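# Observations on the model geometry
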Amino acid sequence: MEELSPWMDLAELPADPPEMRQVCAECGRPSVVCWCSSLPEVPLKIKSRVIILQHPAEEKRCLRTAPMLQRGLAEGKCLVFRGKKFPQNKHEGLADILRMSNTILLYPSKDAVDLETVPKVDSEENGYNIVIIDGTWPQAKGIYNNAPILHGIKQVKLLVKNKSEYVIRSQPTDGCLSTLETATEALSVLESVDYRSTLLQPLRALCCYQLNHGAVIHDSTDFRIKTNTYPRRLGKRLNKFLKEFN
Ligand SMILES: [Zn+2]
């Protein structure tokens, strides 16, 4: 038994010291700002599918909401395609989806109809493919203008009553929603189910954390420019603050 003792000693040694900044393996964010515990317990089996056309720059942003949506929805219910032009050869299956008759595009063109006027979904068979462009306004416009296939899709718009919950990320105009909020709102209207209380939880948790740690609620850029209250230094400071968590 004596010979075993060195090994026993070794076993007593502490494991590697914890890393200074632990990162969640699921969402890739530092543990303190991980939103995984706010995801729905079981990914939601919606009747429709959400198709996200994502500008490459969006993936690099500090605050992204598409992953929250993707993980909140059941397998195959949220498809993300990345690029500046759509569809490309690498976007497997996308061209077919964009040609389906049950595909709608959430984009506020002049021909877009109010989402409320679109027939509701009552079974998986008549679910929609809801296409959303993920990026800033100029990026979204660029993607739309460069993709003729999108012009032929039925276009719908959300008439937003509530201000975005995503208060940290400055919105170009009031009523502009994050991708997660846009999808949640559209699904809730089309499927007559209130998905807000479940799908928006990760976003609420993240905003709550950041507000409690010094971030400032942004009025929309538009508002600030009009009222001449645009805080020039805030952008830099907030950016620095947010980068620390990315
Ligand atoms: Zn996480």
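Residues numbered from 1 in each chain as written. Predicted model: local features only at pLDDT ≥ 70, side-chain atom pairs only at ≥ 80, totals over all residues.

Within the chain, the secondary structure is distributed over 11 helices and six strands. Contacts in the chain between residues at least 24 apart in sequence constitute 75% of all its contacts with a sequence separation of at least 6. (Helix = DSSP H or I, 4+ residues; strand = E, 2+ residues; numbered from the N terminus. Contact = placed C-beta atoms within 7 Å.)

This next bit is on the pairing of strand E1 (residues 49-54). Among the six residues in E1, five count as buried, and that is most of the element. Sheet analysis places E1 next to strand E5 (residues 129-134), joined by six bridges and oriented parallel. Bridge pairing in E5 places valine 50 opposite isoleucine 130. Sheet topology note: the E1/strand E2 (residues 78-82) ladder contains five bridges and is parallel. (Buried ≥ 20, exposed ≤ 12 C-beta atoms within 10 Å, placed from the backbone. Pairing = 2+ DSSP bridges.)

Overall, parallel pairing links the six strands, which are arranged E2-E1-E5-E3-E6-E4 in an open sheet. Bordering the open sheet on either side are E2 and strand E4 (113-114), each of which pairs with just one other strand. Helix-sheet contacts for helix H7 (residues 179-191) involve E1, strand E3 (103-106) and E5, and the interaxial angle to E5 is about 160°. (Axes fitted to C-alpha atoms, helices over the stretch in contact; angles between N-to-C directions.)

Quick look at H7 now. For H7, built from 13 residues, the straight-helix expectation of 18 Å at 1.5 Å per residue is met to within 8% by its first-to-last C-alpha distance of 18 Å. In terms of burial, H7 is a largely internal element, 11 of the 13 residues being buried. For H7, the set of buried residues is Thr179, Leu180, Glu181, Thr182, Ala183, Thr184, Glu185, Ala186, Leu187, Val189 and Leu190. Where H7 is buried, its residues meet E1, helix H3 (66-72), E3, E5, helix H8 (196-199) and helix H9 (201-212). Serine 192 lies just past H7 and shows a positive phi near 50°. (Expected span 1.5 Å × (residues − 1).)

Turning our attention to the nonpolar core. The nonpolar side chains of a soluble globular protein tend to be buried, and buried together. Residues Val50, Leu69, Leu106, Ile130, Val131, Ile132 and Ala183 are the most contacted members of the largest nonpolar core, which totals 40 residues. When contributions to this core are tallied by element, the ones reaching two or more residues are E1, H3, helix H4 (94-99), E3, E5, H7 and H9. Among the elements that make up this core, the one with the highest residue count is H7 (six residues). Discounting residues that sit within four places of it in the chain, isoleucine 132 has contacts with Val50, Ile52, Leu106, Thr179, Thr182 and Ala183. (Core = buried A, V, L, I, M, F, W, Y, C linked by C-beta atoms within 7 Å.)

When pLDDT is averaged along the chain, the result is 81; 71% of the residues meet or exceed 70. The secondary structure element of the chain with the lowest average pLDDT is helix H10 (residues 221-226), at 48, and the one with the highest is H4, at 98. Low pLDDT, under 50, characterises residues 170-174; the stretch is placed with 15 contacts to residues that sit more than four places away or in other chains. Taken together, the stretch residues 222-235 has pLDDT below 50 and engages in nine contacts with residues farther than four places along the chain or on a different chain. (pLDDT = per-residue confidence, 0-100.)

The side chains of a regular strand alternate, residue by residue, between the two faces of the sheet. E5 sits mainly inside the fold: five of its six residues count as buried. Pairing geometry for E3 and E5, over four bridges, is parallel. Residue pairing for E5: isoleucine 104 is matched across the bridge by isoleucine 130.

Turning to unusual backbone geometry, a few remarks are in order. The step from phenylalanine 86 to proline 87 runs through a cis peptide bond, and the omega angle for that step is -15°. As for its position among the elements, proline 87 is in the loop between E2 and H4. Positive phi values are uncommon outside glycine, yet serine 192 reaches one of about 50°. Within the secondary structure, serine 192 sits in the loop between H7 and H8. Classification of serine 192 as exposed rests on a count of 10 C-beta atoms within 10 Å.

With respect to the helices, strands and loops of the structure, cysteine 36 is situated in the loop between helix H1 (5-12) and E1. When near neighbours in sequence (up to four residues on either side) are disregarded, cysteine 36 contacts Cys24, Glu26 and Cys27.

Mapped onto the fold, proline 56 is located in helix H2 (residues 56-60). When the 11 C-beta atoms within 10 Å are taken as the criterion, proline 56 is described as exposed. Taking C-alpha positions, proline 56 is 9.3 Å from aspartate 134, a pair spaced 78 residues apart along the chain.

Relative to the helices and strands, leucine 206 is located in helix H9. Overall, leucine 206 belongs to the buried group, with 22 C-beta atoms counted inside 10 Å. Distance in space between the C-alpha atoms of leucine 206 and valine 33 is 6.5 Å, their sequence separation being 173 residues. Not counting residues up to four positions away in its chain, the partners in contact with leucine 206 are Val33 and Trp35.

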